[in-house]
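Examination of the molecular architecture
Read off the chains here:
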Amino acid sequence: MKTTFAYQCLHHKTYAKYLRFETYKTAHVIHPIGSTIDEFGIVVDGCLKAEKYTVNGNEVCCAYFENNDVFPEFLYFTGKKLYTYSLVAVKKTEVAWISTSVFERMLEEDHDMMYAFMLYISKRGMKNQALLNCLYYQTIAQRVAFWLVSMNNLGQNERIPLPKSQTIWANTLHVSRSSLNQEIKRMEKEGYFRIEGHTLILLNKEGLEQLL
């Protein structure tokens with residue numbers, strides 16, 4: 001989408017030349033925990049995840065970064081100059097990198113880019129909050145409904161881009177993939193939405209809200 005902050009960065013008349021592009025294979029650890037943050041990344045195509053491990057060795061996925069996502073904006077601008085998680089490629093992923101100093105200079109000199117970035121991080125923050133609130137619901141149908149209503153409120157066009165895979169979607173909602181798959185098929189059959197490729201089209205938003 002030409003209106004996204006990522007698109008504007010990738011095609012910026014002045015700063016696009018500072019971008020460097022890297023492609024990573026599935027499961028590649030791009031930045032281990034504790035690495036210095038000296039570049040911002042933009043996911044051009046693919047999916048990354050921020051992961052940690054508990055003291056018992058269980059993996060905890062903190063966040064996913066998909067197409068047009070920028071990272072690690074929250075860590076950097078809240079004063080943390082180190083990765084507090086390991087950044088790993090979920091699948092083959094292309095990333096555009098730009099140094100933090102150049103990125104900051106772009107925001108300082110281009111007010112339109114600063115405004116676009118503020119919109120991006122605001123929506124990212126709202127999305128993260130919605131994911132946390134989603135976990136208060138007990139049933140899978142309620143979690144799906146809340147997630148869809150929240151994502152639609154961010155986009156306002158009844159067309160919701162789905163995660164890169166159902167596994168990612170299941171992990172996001174903290175449910176099993178098989179249970180999510182079963183529930184999605186049931187809800188689609190009942191007319192709440194229609195799925196076309198990686199896009200979900202809302203057909204009955206009011207019905208979803210009634211589940212909550």
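1. A short note on unusual backbone geometry
Residue P72 follows F71 across a cis peptide bond; omega there is -10°. Within the secondary structure, P72 sits in the loop between β6 (70-71) and α2 (73-77). Non-glycine residue A27 carries a positive phi angle of around 75°. What makes A27 exposed here is its relative accessible area of 53%. With a phi close to 75°, N68 is a non-glycine residue in the positive phi region. Its place among the elements puts N68 in the loop between β5 (59-66) and β6.

2. A closer look at the nonpolar core
Among soluble globular proteins, nonpolar side chains are generally buried collectively. F5, L48, F71, L87 and F103 are the most contacted members of the largest nonpolar core, which totals 35 residues. Counting residues in hydrophobic clusters, the runner-up holds 25 residues, among them L180, M187, Y192 and L202.

3. Looking at the side chain of R124
In this structure, R124 sits in helix α4 (residues 111-134). In this structure, R124 is in contact with A63, Y64, F65, D69, E73 and F74, ignoring residues within four places of it in sequence.

Calculation criteria
Residues numbered from 1 in each chain as written. Predicted model: local features only at pLDDT ≥ 70, side-chain atom pairs only at ≥ 80, totals over all residues. Heavy atoms only, no water. Helix = DSSP H or I, 4+ residues; strand = E, 2+ residues; numbered from the N terminus. Buried < 20%, exposed > 50% of the residue type's maximum accessible area, 1.4 Å probe, protein only. Core = buried A, V, L, I, M, F, W, Y, C linked by side-chain atoms within 4.5 Å. Contact = heavy atoms within 4.5 Å.

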